[in-house]
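Descriptive analysis of the structure
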Protein chains: 4
Amino acid sequence: MVVRAAVAGASGYAGGELLRLLLTHPEVEIGALTGNSNAGQRLGALQPHLLPLADRVLEPTTPEVLAGHDVVFLALPHGQSAAVAEQLGEEVLVVDMGADFRLEDAADWEAFYGSPHAGTWPYGLPELPGARAALEGSKRVAVPGCYPTAVSLALFPAYAAGLTEPEAVIVAASGTSGAGKAAKPHLLGSEVMGSMSPYGVGGGHRHTPEMIQNLSAAAGERVSVSFTPTLAPMPRGILATCTAKAKPGVTAESVRAAYEKAFADEPFVHLLPEGRWPATASVHGSNAVQIQVAYDTAAGRIIAISAIDNLTKGTAGGAVQSMNLALGLDEATGLTTIGVAP
Amino acid sequence: MVVRAAVAGASGYAGGELLRLLLTHPEVEIGALTGNSNAGQRLGALQPHLLPLADRVLEPTTPEVLAGHDVVFLALPHGQSAAVAEQLGEEVLVVDMGADFRLEDAADWEAFYGSPHAGTWPYGLPELPGARAALEGSKRVAVPGCYPTAVSLALFPAYAAGLTEPEAVIVAASGTSGAGKAAKPHLLGSEVMGSMSPYGVGGGHRHTPEMIQNLSAAAGERVSVSFTPTLAPMPRGILATCTAKAKPGVTAESVRAAYEKAFADEPFVHLLPEGRWPATASVHGSNAVQIQVAYDTAAGRIIAISAIDNLTKGTAGGAVQSMNLALGLDEATGLTTIGVAP
Amino acid sequence: MVVRAAVAGASGYAGGELLRLLLTHPEVEIGALTGNSNAGQRLGALQPHLLPLADRVLEPTTPEVLAGHDVVFLALPHGQSAAVAEQLGEEVLVVDMGADFRLEDAADWEAFYGSPHAGTWPYGLPELPGARAALEGSKRVAVPGCYPTAVSLALFPAYAAGLTEPEAVIVAASGTSGAGKAAKPHLLGSEVMGSMSPYGVGGGHRHTPEMIQNLSAAAGERVSVSFTPTLAPMPRGILATCTAKAKPGVTAESVRAAYEKAFADEPFVHLLPEGRWPATASVHGSNAVQIQVAYDTAAGRIIAISAIDNLTKGTAGGAVQSMNLALGLDEATGLTTIGVAP
Amino acid sequence: MVVRAAVAGASGYAGGELLRLLLTHPEVEIGALTGNSNAGQRLGALQPHLLPLADRVLEPTTPEVLAGHDVVFLALPHGQSAAVAEQLGEEVLVVDMGADFRLEDAADWEAFYGSPHAGTWPYGLPELPGARAALEGSKRVAVPGCYPTAVSLALFPAYAAGLTEPEAVIVAASGTSGAGKAAKPHLLGSEVMGSMSPYGVGGGHRHTPEMIQNLSAAAGERVSVSFTPTLAPMPRGILATCTAKAKPGVTAESVRAAYEKAFADEPFVHLLPEGRWPATASVHGSNAVQIQVAYDTAAGRIIAISAIDNLTKGTAGGAVQSMNLALGLDEATGLTTIGVAP
C-alpha cells in the first residue's frame, strides 16, 4: 500500500512532528506540504531537523495543492479546518489535528471557542472504550487535544470500573511546544527557563470540556473536572497528575486490577510496575503513554499519573495511530514506544 | 545590635542560601561554619558563589565550635538537630531548618520519620494565624518545610474564612535544589533536564502531615490532604497548585476578600492583581510569596496557586525572617521581595 | 547624598536588571521610568519580579519626563541614545547602556552599525588600564557590551604584560537574555532549551570591534580577533573562552603573576585559585567576574576563561559601577559579589 | 541476515543509546545485555525509555554470557575493553565504544590514560579519508570519542585541502550525558541547569591527542590543537567551534568548495546552505552531523562549526554505522538523519 499524504500547516510544531513520523512510516509517501505565511520557503530553514525534506518548498494551503492525496492532515489554527475539509472529497481521509471536530456538544464549543460548531468527527483516542471501532474505516478523524489525551487515559479506567465519584482534580505540566511556534514574549526562553507558571486557571482552558466529555462517557454520568495546566521549562512532554475521589469499598487491589485490565492489550499504554512512576523524559519522541496509579487511603483519592510526549502521542503520533486504523493498517505502523532519553 | 551567627551544615544548599542572606544582613556577623564530611575544606570550593566567604574553612559540628554565638542555625539531616540543640545553652537562639521540631503530633512524626519525636518548637511561618506572636522572643524556632510553606500560605485564608470543605487536593512542582546536594543518579542534570516526574505519590511525602497540621489549625477541624510533589527541570522554585472544595454560598468576591484580608499587612506575601498568575522566576532568590486565587464555579472548587523560592522563603529566608522576630528585629531585615529574573 | 535616577527603557531586560540594582542602592531614589510601546502599563505586569515597583506606571520617553534627575540611564535600542542625550543638560549624568558611544573609530561604527557615528564617551569598564580615571567625575558614560566586558577582562592582562602575540581566538556562550525581550521565533523556549547554536560567525558580531579596541589598547598594537558567540540554554550568564598565542619565553608562572597583579585590587574581579574554573551559575545576579587562566604549553596558547552575569556586570551592574565612579561614590556601592546559586 | 548482538555495559548512557538504535535496526537481534553493579536488575528500571526491553534482566559481564553473538559492543569504562575483547573469538565483531583502541601512539595513550597501551583498531569514523576501507570487513572497531567526532569532521576538509596552517583552536560545548551516568555532585541538575562551565582546560582533556591524530593525518603534518571543552545545560548534543589559521591565498570560495567536495557523498554529514548555522537541537537523536564553515578574512581564520548528538553520531550511532560497514551492510542501515526537535 502506498498512502500519499499531504500536510497542511507543515511549518509549526505539530506539522513538524507529523512529518518526522511520516518520514519513517513504511506505507506513507509524503506529498504536498503547505504553509500560510511561510509558503515559498524551504523546509530546511523551517524544520532544520528534518534533513530528508530540507529542499522541499512549502506551498499555499489551497484545494488544488491538497488535491490528489489519500490522506490530508490539517495542522491549522482552530476554526480553520472545516472550510478546508469541505473542499476535500469524501473519499479522502481527513485527519484534523485542530480542535474543530472534537466536541460533541455545540454549546460547549461555542462557550470555549466563540464560533459556530463545525460538527463532530470520530475521536482519535483508540484506547477509550468504543473509540477504536469508530475509527476503523472512517474518512474523518478528530485528533484529541494533548492534555485530554494524557488525562483521559490516566483516569478513564477508574470511571469505567466505577471506582470513583464523578469529580476529578487535575494538574498537568506541559512543555512549551504545546503553546506553539508563534513568537510571544511569555514563551521566550529567557522567560520559561527556570520557571513554572500556571495559565488558564479556574476552568477556562479549552481542553476542559473535552476531558469532561471523555470522562463522563466512561463514567456514564456527568463528571465535574477542575483542571489546571502549567507551563514547565522543557520543550516537550506532559505530566498529568489526575486525582478522583474513591467510592466506598475501593481497595488498592481493585484499582490496580482495573488499570491492568484497561490497558492489557494496548500497544502504546504502559502501566508501570508498582513502585515506579512515569517521567516525561522516558516518552520523549515516542508514542508511548506511561501510567501509574495509587490509592491514597488517608485522603480517600485515587491518583493516576500519566506521561506523554505532547507532540507525539499528544498530537502527531495520535494522528498517525488513528490514520492507521482508518486505513486498515496495523495500528502501530510507523510508531514506536521507544523514547529518546536522556 | 551585632548578632553573631553560626551555621551548622554550611556546605549544602540550605546552608549556602542562608549564608547568602546573612552576608547582607545588617545586624549579623557570620561566625562558625561547620560541615561533616566537608570539614577542613574552604568554602570557595563548596559554595563558589559566596565570594566574600571564599577563604573561610569549614569546621566540624561540635559543641565547642558552635559555642559563643547568639544564633545557631541547624541545616542538618533530619533527626540530628535535637542532639546538637541540647548541647547549646537555653539563652542561645536555635533555628532548626530540619524537620525535627515541626510536628505537634508524635504519632505523625514517628509514622513519617521512623524515629522518636524530639518535640515541638514555635513554627517559623509568621503569616499563619497566631504564629508571629509565638516567634517573638522565642529561643527556639522550627523552620517549616518548603512545600508546607507554599501550600499553607496558599490555602489557609480559605479555611480560616470558612470558605472550603475540610479537604484539599494539591500538586506542587519543585526545583531540584529541594532534593539536596547529595549526588543521586535520578538528580543528575541528564535525568532532570527536559523531564517532569512525580515522587512520594499517594500520601507518603513527609511534608503531608505538616500541611494537614497547618490547614487543620486554620479550619478548626481535621483537613484531609491529597498531596503530590513533582520534580521540575529548574534549580529553584516551587509552584503549588492548591484546590479545595468550596462550601455552598461561596462567591468569587468572598474568596477574593478573604485573601486580601489575610495578606493585607504581610510584608512578603503578594496577592497578585486579578488576571495575573504567579511564576517561580519572579521570586527567584527573593523571600516573596506570589499568590493568586480563583473560584471555578463549574467544578465548585477554589484554586489557590503560590510561587516561592524553595531555598529562600521556603528555607533560609523563612529562617532569617523568624530569627528577626525572635531577636526583636524588624521582620524584614536583610530580606527582599525583589526577585532575580529573567 | 540622594541621587535621583531615571531609566529610559524600563521594560526590557537591561532596564529591569538596572531597576533591580537601583532598588537596593543606598544613595539612589528611583525617578521616572519610561517605555516606548509599553508606556502607560504598570511595571508589575512587565517586570513581575520587582514587587516594590509593581504599581509604578511607565511614561513615554520624552525630555519632559526625563528632566529633573541627577542621572539618566538609557536602555534604548542602538542608535537612539544620542538624540535623547542631546536633550539632557550637560550637568546631568547620562549613562548609555546601548552601543552608541562605545567605539572610538567612526569607520568601525559605520561598518558594524550602518549609521553615522555619534561620538565616544568614557568607557565604563573601570578595570581596564586608565579607564577608572576617565570615569571619575564624568557626566557621560558608555557602558560596554556584555561580551566585550567578559572578553576584555579575561585577556587584557596577557596583552598588557606583553605575554601574547597580537591575535586572539574567542568563543563565548551567552544566556538568552543577551538577545533581549523582543519575541523572535528562534528565541522561543522550545527552540533554545536543549540546544546550543552559534550566530554572528566569521567576524560579523557587533561586539568584535569593541573587543579589538580594548585589547589593542592593552597590547599597544592592533590585535586581531576571531570571535564566535553562541547561544546557550540558560537565561543569564556569559562564559568566555579566550585564547591567545603565547610569546616565546612565557611560563605558567609569568602568566599567573600577570593576572594576579592585574586584579589584585579589583573589588569585582576574582581570579580563582589554581585548579578551579569559573561557572556562570556562581556569578548569577552578581557583579563579580570569575576568571581563571592556564598556559597550554603543547599548543603554545594562553587560555583565559571568564564568567559574568551578562545582565549584571555585563550591563546593568557595570552601569551602576560606573555611575558610582562618576558621582564620586564608593565604586562598589549597591553592588555585590555574591551570586544566587544553585 | 540476522546479526545477534550483545551489549556489555547496557545500563549507562552509551549502552542505552545503542540499544535504542539496535531495537529498530532491521538486521539485528538483541542478545545478552550485561552490567556490572547493576547485574540482576530489570532494564525497565535502568532505561525506562526502552519499553520493549523493560523485562530484560542484566547479566554479569562474563565470557560465557557474551559468547555466541555475532557482534559484541563494549560500553565499558576506559581500560576494561582489552581484557574482555581477548576472551572473545577472532571471528566475533567487537565494537569498542571506549577509548582503549583509538590512539596509534602508545606514548600518547600512556600520557593521557596512565596505563599500558592495548593497541590500535580500525577507527570508526568512516568519513575520514581512508577510514571507510579499513572498516569494511574488519572484526575490530574502535569507536571515536564524541568530541573528536565533532571536531575531526568539522576541520579535516580544511587540512586535507591544504587551506590551513597546522594549528587549531577549538572550543566545544557538550550536553551532560557526555559525562556519564555516575552520580557526581558537579553533574547534579541543580548545578548544571543555568550554568556553563569549562573543564579539562589547557590541553589536559583525553580527547586532545585523538583530535591531533586525526587532523595531523589529514594535514600530512603534525597539527597543534588548543582544545577547551565546556559543559552546557542540556542533556545531549555537542557544538564544536573549530578555527584554524588560513594559509595565504585562501578564499571563501576555496573553503566552501573543499567542504562541498569532502561531504558530497556522505550520508550523514550535512553541509548547511550558506547563511545557516547548526544547532544541536536539530540533530537530537539522529546520526546526522550538521556543519557550516566561514572564512573570517579580518582575523585570517577559517571557522568550522559542527553539531552532533554526542550519544548518537558521537557514540552509539557511530558504533552502528561502523558495525554496518564491518558486516557488509548498507552503512546507513538502522540509522537516521532525522532529529527529534523541538
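For clarity, every value in this text was computed on a predicted model and none was experimentally measured. (Residues numbered from 1 in each chain as written. Chains lettered and ligands numbered in written order. Predicted model: local features only at pLDDT ≥ 70, side-chain atom pairs only at ≥ 80, totals over all residues. Heavy atoms only, no water.)

1. Let's talk about the side chain of C:Arg301
With respect to the helices, strands and loops of the structure, C:Arg301 is situated in strand E13 (residues 301-308). Separated by 2.9 Å, the side chains of C:Arg301 and C:Glu167 make a polar contact. (Helix = DSSP H or I, 4+ residues; strand = E, 2+ residues; numbered from the N terminus. Polar contact = N/O pair within 3.5 Å; in protein donor to acceptor, adjacent residues only side chain to side chain.)

2. Focus: the relation of the copies chain C and chain B
It takes a turn of 180° to lay chain C on chain B, together with a shift of 0.0 Å along the axis; the resulting RMSD is 0.0 Å. On this basis, the relationship between the two copies can be described by a two-fold rotation axis. In this assembly the copies share their binding face: 100% of the residues contributing to the interface of chain C also contribute to that of chain B. (Least-squares fit on C-alpha atoms with pLDDT ≥ 70 in both. Contact = heavy atoms within 4.5 Å.)

3. Considering helix H7 (residues 146-160) of chain A
Residues and elements named next belong to chain A. The end-to-end C-alpha separation of H7 is 21 Å, in line with the 21 Å expected for 15 residues at 1.5 Å each. A maximum bend of about 35° is found in H7 at Ser152. Within H7, 14 of the 15 residues are buried, leaving the element largely enclosed by the surrounding structure. In the stretch just after H7, Gly162 is the one whose phi turns positive, near 70°. (Expected span 1.5 Å × (residues − 1). Bend = angle between axes of the 7 residues up to and from the residue. Buried < 20%, exposed > 50% of the residue type's maximum accessible area, 1.4 Å probe, protein only.)

4. What about the interface of chain C and chain B?
Taken together, the 29 residues of chain C in the interface contact 30 residues of chain B. Summed over both partners, the interface of chain C with chain B buries about 2400 Å², with 66% contributed by carbon and sulfur atoms. For the pair chain C and chain B, the interface holds zero salt bridges. On inspection of chain C and its partner chain B, the count reaches twelve residue pairs in polar contact (both at pLDDT 80 or more). Elements with a contribution of two residues or more to the side of chain C that touches chain B: helix H1 (13-23) and helix H2 (43-46) of chain C. Ranked by residues supplied to the side of chain C that touches chain B, first place goes to H1(C) with four residues. (Buried area = accessible area lost by both parts, 1.4 Å probe. Salt bridge = Lys/Arg side-chain N within 4 Å of Asp/Glu carboxyl O.)

5. Considering the UniProt feature "active site" (unreviewed entry) in chain A
Residues and elements named next belong to chain A. As recorded in UniProt, the sites labelled "active site" (unreviewed entry) are Cys146. Structurally, Cys146 can be placed in helix H7. A relative accessible area of 13% means that Cys146 is categorised as buried. Among all residues touching Cys146, those that are not within four sequence positions of it are His207, Ile238, Ile308, Asn310, Gly314 and Thr315. (UniProt positions renumbered as here; feature names shortened; annotations may be inferred.)

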